[in-house]
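# What the coordinates show
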Amino acid sequence: MSETAENRVNKRTLTGRVVSDKMNKTVTVLVERRVKHALYGKFVTLSKKYHAHDEKNEFHEGDTVTIEECRPIAKTKAWRVINLVEKARTV
């Protein structure tokens, strides 16, 4: 696949919060989404964790990041961090 063909592919992107940066070159990102319950109509928050590739170990716990789908990098890692949305607030 050429470079231009790679850029044309629409990749899924998600935004979430880094909950763990303990692994080398990997962060765990918690993505939350709100969906309406089919029967009762109440909005429910669903969450899922993704392992994302962080080549330079530059993202830390509490940061909000955008991740995109990519080829499998490891057994549980098929996402890559593409940019920082908001830095974690330090207390």
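Quick note: structure is the one above.
Bear in mind that the values here come from a model prediction, so they are computed numbers and not experimental data. (Residues numbered from 1 in each chain as written. Predicted model: local features only at pLDDT ≥ 70, side-chain atom pairs only at ≥ 80, totals over all residues. Heavy atoms only, no water.)

## With respect to the overall build of the protein chain
Along the protein chain, the regular secondary structure elements total one helix and five strands. Secondary structure elements of the protein chain occur, N-terminal to C-terminal, as α-β-β-β-β-β. The principal-axis extents of the C-alpha atoms in the protein chain amount to approximately 50 × 40 × 25 Å. Per-residue burial for the protein chain yields a buried fraction of 26% across its 91 residues. Counted over contacts in the protein chain with a minimum sequence separation of 6, partners at least 24 positions apart contribute 48%. For the protein chain, the accessible surface area stands at approximately 7,000 Å², while carbon and sulfur atoms represent 50% of it. (Helix = DSSP H or I, 4+ residues; strand = E, 2+ residues; numbered from the N terminus. Buried < 20%, exposed > 50% of the residue type's maximum accessible area, 1.4 Å probe, protein only. Contact = heavy atoms within 4.5 Å. Areas by Shrake-Rupley, 256 points an atom, 1.4 Å probe, with all protein chains shown as cover.)

## Overview of the nonpolar core
Grouped together as the largest cluster of nonpolar side chains are 11 residues: Val18, Val27, Val29, Val31, Tyr50, Ala52, Phe59, Val65, Ile67, Trp79 and Val81. Contributions of two or more residues to this core are made by strand E2 (26-36), strand E3 (43-53), strand E4 (64-69) and strand E5 (77-86). Broken down by element, this core gets its largest block of residues, three residues, from E2. Among all residues touching Val65, those that are not within four sequence positions of it are Leu14, Thr15, Gly16, Val18, Val29, Phe59, Val81, Asn83, Leu84 and Val85. (Core = buried A, V, L, I, M, F, W, Y, C linked by side-chain atoms within 4.5 Å.)

## Looking at the pairing of strand E1 (residues 13-20)
Here E1 runs beside E4; their pairing, made up of five bridges, is antiparallel. By the bridge assignment for E4, Thr13 is matched with Glu68. Across three bridges, the pairing between E1 and E2 is antiparallel. Its bridge partner being in E2, Ser20 is matched across the sheet by Thr28. Linkage of E1 to E2, two consecutive antiparallel strands, is achieved through a turn of five residues, within which Lys25 is found at a positive phi near 65°. (Pairing = 2+ DSSP bridges.)

Limitation: the analysis is restricted to geometry and does not speak to function.
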